[in-house]
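Descriptive analysis of the structure
As a plain string of letters, each chain reads:
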Amino acid sequence: MSEWFDELAEFLRIPSISADAERAGDVVRAGQWIVDLLVAAGGSAELIDWHGQPLVIGEVPASGGVDGAPTVLCYGHFDVQPADPLELWDSPPFEPEIRGEHLFGRGVADDKGQLYLLLAAARELAASGSLPVNVRFALDGEEETGGHSIVEWLEADARGADAAIIFDSGMIREDVPAFGVGTRGLAYFHLTLRTGVTDLHSGMYGGAALNAAHAMIRTLDALIASDGRLAEPLREGLIPPTELELAGWRELPAGASELADQGARPADVQAANEFYLRTFAEPALDVNGIETGSPHLQKTVLPVQAHANISIRLAPGQDPDVIAVTLERMLQEAAPLGADLTVERLSSARPGVVPPDAPAIQHGLDAFERVLGVRPLLIRSGGTLPIVAALSDKGIASIITGFSLPDANIHAPNEKMLARYIPLGIDTARALFEELGKL
């Protein structure tokens, strides 16, 4: 532990919360910490301002200045989620602490601790003169509040790479690693619905006048899936999973336990059995919030206005621009006669697909098996990583993996990682760079 704890703890102590404007200086300070590490490792790096967002762009060259050495692009983020509510932490969130088998602290799993594994591995190989690849680092400080600056930078970058590594996910369970070969996209919308000029007395107008709360509920209910499958127009373009993928998913923990472990209840009778199909390979529409009327005070009115935030996770193969137009049309068609509905798209990100037979993926599987003694499972992710699609556009296969566990409490109090996974992760990252040297 003495070989890594003090250094990693220094990084984790920086409260680089991108969602808090008062912590903008700390986000920059975390980026500068990485720049200093890379320069001390014999590489080059700079902290750049990309349209108001901090990026770290750096490189550790292959040992011996070998011409034609493969280039590996590493992505990660140095911003973290807010720590609130502070009273639920058992130790200060920005004072890393080892208790039992775990290292606790904000960012230890998402993503500073995992990014550190790649930084330390590249430095160690460079120090021993045995780094077989050029390791480029393209890192952002706003992943938790958007993540689009690094996508824009990548689109403008002409250098490219032979492979990419992203340590920003985790294992299926302890010592069962996984590679992500697909990520879902996202489109997020704000809905405003009006049914008249002013709120009305429910005794005088109830049953005769259009109620905005009722109209919003009816509009949304028309699109919500009842059996885990959205209407066909909202499934346009999705790439179904292969038999190889389905076989791998059957090795994962039962869907019923995945739901139960989070205290969640199945959406319908088939939801548990279809858990991975629905979260990896199907689009999903969710109502993220509704505001209308007076849900707390006893106030007998017909509300005239309702708001809702909704999001649709997009399956690999789907185009957010196409689905957004379809979704807005279907919402307008579902709105009751007399309701004025406005739909505003707030953000979107494309799904990503990684060819599982890409040479970089196969070398990555070999590296993990060499160190961990087990070959990673190939899975998709229900979450969204905008950079994956941008890398795919450039023909760069991404190894999306990590050492976080399902109980890591990312985005929650008492975020943690198994302490033994820090040195093990560094060893695995070293093997990964060595195997990718064969590209």
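Cut-offs used in this document
Residues numbered from 1 in each chain as written. Predicted model: local features only at pLDDT ≥ 70, side-chain atom pairs only at ≥ 80, totals over all residues. Heavy atoms only, no water. Helix = DSSP H or I, 4+ residues; strand = E, 2+ residues; numbered from the N terminus. Rg over C-alpha atoms; globule rule 2.2 N^0.38 Å. Buried < 20%, exposed > 50% of the residue type's maximum accessible area, 1.4 Å probe, protein only. Contact = heavy atoms within 4.5 Å. Areas by Shrake-Rupley, 256 points an atom, 1.4 Å probe, with all protein chains shown as cover. Polar contact = N/O pair within 3.5 Å; in protein donor to acceptor, adjacent residues only side chain to side chain. Pairing = 2+ DSSP bridges. Axes fitted to C-alpha atoms, helices over the stretch in contact; angles between N-to-C directions. Core = buried A, V, L, I, M, F, W, Y, C linked by side-chain atoms within 4.5 Å. Parallel < 35°, antiparallel > 145°, perpendicular 65-115°, else oblique. Left-handed = near helix turned anticlockwise from the far one by under 90°. Nonpolar A, V, L, I, M, F, W, Y, C, P; charged D, E, K, R; others polar. Phe/Tyr/Trp six-rings, centres within 6.5 Å; stacked < 30°, edge-to-face > 60°. Lys NZ or Arg CZ within 6 Å of the ring centre and 35° of its normal.

Take the overall build of the protein next. Across its full length, the protein holds 13 helices and 18 strands. Taken over C-alpha atoms, the radius of gyration comes to 24 Å for the protein, in line with the 22 Å a tight globule of 439 residues would show. Here the protein, with 439 residues, has 53% of them falling under the buried criterion. Contacts spanning at least 24 positions in sequence make up 80% of the contacts within the protein whose residues lie at least 6 apart. Of the roughly 19300 Å² that the protein leaves accessible, carbon and sulfur atoms contribute 51%.

Turning to unusual backbone geometry, a few remarks are in order. Note on backbone geometry: most residues besides glycine have negative phi, and most peptide bonds are trans. Cis rather than trans, the peptide bond between D84 and P85 has omega equal to -5 degrees. Relative to the assigned elements, P85 resides in the loop between β3 (71-77) and β4 (97-99). Here the amide bond leading from D110 into D111 is cis, since omega sits at 0 degrees, within 30 degrees of zero. Its location among the elements puts D111 in the loop between β5 (102-104) and α3 (112-127). Located in the positive-phi region is H51, a residue other than glycine, with phi close to 50 degrees. Looking at where H51 falls in the secondary structure, it is placed in the loop between β1 (44-50) and β2 (53-60). Residue class for H51 comes out exposed when judged on its relative accessible area of 68%.

Let us look at the side chain of N414. Position of N414 among the secondary structure elements: in the loop between β17 (398-401) and β18 (416-418). On the accessibility criterion, N414 (12% relative accessible area) is buried. There is a polar contact of 3.0 Å between the side chain of N414 and the backbone oxygen of L88. Not counting the four nearest positions on each side in its chain, N414 is found in contact with L88, W89, D90, S91, R99, F104, A408 and N409.

Each strand in a sheet pairs with its neighbour through backbone hydrogen bonds, running either in the same direction (parallel) or in the opposite one (antiparallel). With antiparallel pairing, the three strands of this open sheet are ordered in space as β4-β5-β18. Edge positions in the sheet fall to β4 and β18, since each of these pairs with one other strand and no more. Across the sheet, the mean angle from the axis of one strand to that of its neighbour is 30 degrees, orientation sign disregarded. Both β5 and β18 contribute to a ladder of three bridges, which runs antiparallel. Across the sheet, H102 pairs through a bridge with L418, a residue of β18.

Let us look at the nonpolar core. Counting 87 residues, the largest nonpolar core has I34, F137, W153, I165, F167, F433 and L436 as its most contacted members. Of all the elements, α3 adds the most residues to this core, at nine residues. Not counting chain neighbours up to four residues away, the residues in contact with I34 comprise F11, V56, F78, L115, L119 and L139. Membership of the second largest hydrophobic core comes to 26 residues, among which are A187, L191, A306 and L327.

Take the packing of α3 against helix α13 (residues 421-436) next. For the pair α3 and α13, the least separation of the axes is 8 Å and the interaxial angle reads 60 degrees. Classified by the interaxial angle, the pair formed by α3 and α13 is oblique. With respect to the hand of their crossing, α3 and α13 are arranged in right-handed fashion. Judged by residue contacts, Y116, L117, L118, A120, A121, A122, E124 and L125 of α3 engage Y421, I422, G425, I426, A429, R430, F433 and E434 from α13. A class-by-class count of the residues in the contact of α3 with α13 yields 12 nonpolar, one polar and three charged.

Position of R430 among the secondary structure elements: in helix α13. The class for R430 is partly exposed, based on a relative accessible area of 26%. Setting aside anything within four residues of it in sequence, one finds R430 in contact with A121, E124 and L125.

The antiparallel open sheet is built from four strands, whose spatial order is β11-β13-β9-β14. Looking at strand neighbours, the two that pair on one side only are β11 (284-292) and β14 (340-349), the edges of this open sheet. Neighbouring strand axes in the sheet, compared pairwise and without regard to direction, differ in orientation by 15 degrees on average. Here 10 bridges tie strand β9 (residues 185-194) to strand β13 (residues 305-314), and the two strands are oriented antiparallel to one another. Bridge pairing in β13 places T192 opposite H307. Helix α6 (residues 212-221) contacts β9, β11, β13 and β14 of the sheet and is inclined by roughly 15 degrees relative to β13.

The residue T292 is located in strand β11 in this model. Looking at T292, its side chain comes within polar contact range of the main-chain oxygen of Q305, at 2.9 Å. Those residues in contact with T292, other than ones at most four positions away along the chain, are A213, P303, Q305 and A306.

Tallying each qualifying case throughout the model produces nine aromatic pairs. A ring pair is formed by F11 and W33, whose centres lie 4.3 Å apart and whose planes are at 5 degrees; its orientation type is stacked. Pair noted here: F11 is in helix α1 (residues 5-12) and W33 is in helix α2 (residues 24-40), with a separation of 22 residues, a long-range link. Comparing F11 with W33 shows no difference in burial state: the two are buried. The interplanar angle of 90 degrees and the centroid separation of 5.1 Å between the aromatic rings of F179 and F368 together place this pair among those described as edge-to-face. Of this pair, F179 sits in strand β8 (residues 178-183) while F368 sits in helix α11 (residues 359-372), placing them 189 residues apart in sequence. Using a relative accessible area of 0% as the deciding quantity, one classes F368 as buried. Members of the aromatic cluster, connected to one another through ring pairs, are F167, F179, F368, F403 and Y421. Here R99 stacks its cationic end above the ring of F104, 3.8 Å away from the centre of that ring.

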